[in-house]
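A look at the structure
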Amino acid sequence: MITKSMEIRIPAGLDPSTIALFIQTASQYDSKVYVQSENRRVNAKSQMGMMSLGLPKGASLTIVADGSDEDKAVEDIEKYLNNEK
């Protein structure tokens, strides 16, 4: 299991359109992937869960991944949140 803190650098933050792309990124991997923000933890592959977080640009979050491809999952999610993808 990997846990990594990150900051959202996407200009729009995680709004409905950027959440859809975030979920596509997370869903490419077999690993279980979660997003933690403050005291909430949601499945990173869940549209409703992700939308319930309401995370703007600059917000901090923690990605938790567990599975055979967890390293690559966290790496690609970080690239996406850094607006590099």
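Above: the structure in question.
The structure reproduced in this document is the subject of the present report. Think of each chain on its own: its residues are numbered from 1, step by step along the sequence as written. Residues qualify for local features only when their pLDDT is at least 70, as the model is predicted, and side-chain atom pairs are given and counted only at 80 or more; totals for whole chains, interfaces and linings, by contrast, use all residues. Water and hydrogen atoms play no part in the side-chain values, which are based on all heavy atoms of the structure.

Here we take up the sheet that holds strand S4 (residues 60–66). Pairs of strands are assigned from DSSP output, requiring at least two bridges between the strands. Counting from the N terminus, the helices are the DSSP runs of H or I reaching at least four residues and the strands are the DSSP runs of E reaching at least two. On the basis of which strands lie adjacent, the open sheet formed by 4 strands has the order S1-S4-S2-S3 and antiparallel pairing. Each edge of the sheet is formed by a strand with only one pairing partner; in this case those strands are strand S1 (2–7) and strand S3 (40–43). Across the sheet, the mean angle from the axis of one strand to that of its neighbour is 25 degrees, orientation sign disregarded. Bridge count for strand S2 (residues 32–37) against S4 is 5 bridges, and the pairing is antiparallel. Looking at the pairing, Gln36 lines up with Thr62 of S4. Across the sheet, helix H3 (residues 70–81) touches S1, S2 and S4, and the angle it forms with S1 is around 5 degrees. Helix axes use the C-alpha atoms of the stretch in contact, all axes being lines fitted to C-alpha atoms, and the angles between their N-to-C directions lie in the range 0 to 180 degrees. Residue contacts are defined here by distance: any two heavy atoms, one from each residue, within 4.5 Å place the two residues in contact.

Turning to the packing of helix H1 (residues 16–27) against H3, a few remarks are in order. In contact at an axis separation of 9 Å, H1 and H3 are set at 160 degrees when each is read in the N-to-C sense. Comparing the axis directions of H1 and H3 gives the class roughly antiparallel. Crossing handedness for the pair H1 and H3: right-handed. For the pair H1 and H3, contact is made by Thr18, Leu21, Phe22, Thr25 and Ala26 and by Asp76, Ile77, Tyr80 and Leu81, respectively. Three residue categories are used. Nonpolar comprises Ala, Val, Leu, Ile, Met, Phe, Trp, Tyr, Cys and Pro, charged comprises Asp, Glu, Lys and Arg, and polar comprises the others, including Gly. Across the contact of H1 with H3, the residue classes break down as 6 nonpolar, 2 polar and 1 charged. Angular relationships are summarised with four words: roughly parallel below 35 degrees, roughly antiparallel beyond 145, roughly perpendicular across 65 to 115, and oblique for the angles in between. Each helix crossing is assigned a hand: it is left-handed if the near helix lies turned anticlockwise from the far helix by less than a right angle, otherwise right-handed if that turn is clockwise.

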